[in-house]
Amino acid sequence: MMTIYDYTVKDANGQDKNLADYEGDLLLIVNTATKCGLASQLEGLEDLHQKYQREGFKVLGFPSNSFMQEPEDGKGAAEACALNFGTSFPMFDKVSVNGPKTIPLFSYLKKASGNGLVKWNYTKFLVDRQGNFIKRYAPTTEPADIEADIQDNL
C-alpha cells in the first residue's frame, strides 16, 4: 500500500527531497499561494507548526499557481512566506495540484481523500506518522480549527 513516503518532491531550491525523511512525523500538507486572499492562514499554520513541532508535527507548504495566485517560483514563494507571514516550516518548489501536470504526491492525496480536484489554495491534508492520509480540510478551514485533530493524532 502506498504512503506519502513513496514520493520524492523538490524543495524550495529545486533539490530532490524524499518524503520518507518525515517518517514518524504527523504532517499537514498544504497548497499555498502568496497572492491568495487566504494567505493570512500562513500565520495560523506557523502557529500550529511552532506549538507542536517538538511533539513531531510539521506543516509542509507546497506553493501552487494552479489558481493563478502564485507568481513566484518555489524559492521566491518560501522567501515571501517567511518575510510576510513569519513562516519557518518546510516549503517546497511550486507544484501543480490539478490537471495533467499534477505532481504524484497530490494525485495520491486527492485519491486517498476521495474528493477529487483541489478546489482552491490552502486545501489541507493531515497525514499520520506512518505516511497515511487521515483527513482533508477545505481551503476556508482555519488552521486553529484543525488543532484538535492534530492533538488527537500526536
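- In the annotation of an unreviewed UniProt entry, the chain is listed under the name Glutathione peroxidase and assigned to Aerococcus urinaeequi.
- Within the UniProt record for the chain, the comment given under Sequence similarities (unreviewed entry) is "Belongs to the glutathione peroxidase family."

**A closer look at the packing of aromatic side chains**
Here's step 1: Applying the stated criterion to the full structure yields six aromatic pairs.
Here's step 2: A ring pair is formed by Tyr7 and Tyr108, whose centres lie 5.7 Å apart and whose planes are at 40°; its orientation type is tilted. Within this pair, whereas Tyr7 is found in the segment before β1 (8-10), its partner Tyr108 is found in helix α3 (residues 104-113), the two being separated by 101 residues in sequence. The residues Tyr7 and Tyr108 share a single accessibility class, namely buried.
Here's step 3: On the numbers, 5.9 Å between centres and 80° between planes, the contact of Phe106 with Phe125 is edge-to-face. Of this pair, Phe106 sits in helix α3 while Phe125 sits in strand β5 (residues 124-127); the two residues are 19 residues apart in sequence, bridging distant segments of the chain.
Here's step 4: Here the aromatic residues Phe62, Phe92, Phe106 and Phe125 are joined through ring pairs into a cluster of three or more.

**Concerning unusual backbone geometry**
When glycine is set aside, most residues are seen to have a negative phi, and most peptide bonds are trans.
Here's step 1: The backbone of Met68 shows a phi angle near 60°, a positive value even though the residue is not glycine.
Here's step 2: Here Met68 lies in the loop between β4 (57-63) and α2 (74-85).
Here's step 3: Overall, the relative accessible area of 68% leaves Met68 in the exposed class.
Here's step 4: The backbone of Tyr122 shows a phi angle near 70°, a positive value even though the residue is not glycine.
Here's step 5: Mapped onto the fold, Tyr122 is located in the loop between α3 and β5.

**With respect to the UniProt feature "active site" (unreviewed entry) in the chain**
Here's step 1: The sites that UniProt annotates as "active site" (unreviewed entry) are Cys36.
Here's step 2: The buried category is assigned to Cys36, whose relative accessible area is 7%.
Here's step 3: Apart from the residues lying within four places of it in its own chain, the contact partners of Cys36 are Gln69, Trp120, Asn121 and Tyr122.

**Overview of the nonpolar core**
Across soluble globular proteins, nonpolar side chains show a tendency to be buried alongside one another.
Here's step 1: Core analysis: the biggest nonpolar cluster contains 23 residues, and Leu28, Leu45, Phe57, Tyr122 and Ile150 have the highest contact counts within it.
Here's step 2: When contributions to this core are tallied by element, the ones reaching two or more residues are β3 (26-32), α1 (41-52), β4 and α2.
Here's step 3: Leave out the neighbours within four places in its chain, and Phe57 touches Leu26, Leu27, Leu28, Leu48, His49, Tyr52, Leu126, Ile150 and Leu154.
Here's step 4: If you look at the next biggest cluster of nonpolar residues, it comprises 22 residues, including Tyr5, Val9, Leu27 and Phe67.

**With respect to the sheet that holds β4**
Here's step 1: Taking strand neighbours across the sheet as the criterion, the four strands line up as β4-β3-β5-β6 in an open arrangement whose pairing is mixed. A single partner strand is all that each edge strand has here, and the edge strands are β4 and β6 (133-137). Taking the axes of each pair of neighbouring strands and ignoring which way they run, one obtains an average angle of 20° across the sheet.
Here's step 2: Pairing of β5 with β6, which is carried by four bridges, proceeds in the antiparallel orientation. Looking at β6, one finds that Phe125 is bridged to Arg136.
Here's step 3: The sheet contacts of α1 involve β3, β4 and β5, and relative to β4 the element is tilted by about 150°.

Cut-off values and rules
Residues numbered from 1 in each chain as written. Predicted model: local features only at pLDDT ≥ 70, side-chain atom pairs only at ≥ 80, totals over all residues. Heavy atoms only, no water. UniProt positions renumbered as here; feature names shortened; annotations may be inferred. Phe/Tyr/Trp six-rings, centres within 6.5 Å; stacked < 30°, edge-to-face > 60°. Helix = DSSP H or I, 4+ residues; strand = E, 2+ residues; numbered from the N terminus. Buried < 20%, exposed > 50% of the residue type's maximum accessible area, 1.4 Å probe, protein only. Contact = heavy atoms within 4.5 Å. Core = buried A, V, L, I, M, F, W, Y, C linked by side-chain atoms within 4.5 Å. Pairing = 2+ DSSP bridges. Axes fitted to C-alpha atoms, helices over the stretch in contact; angles between N-to-C directions.

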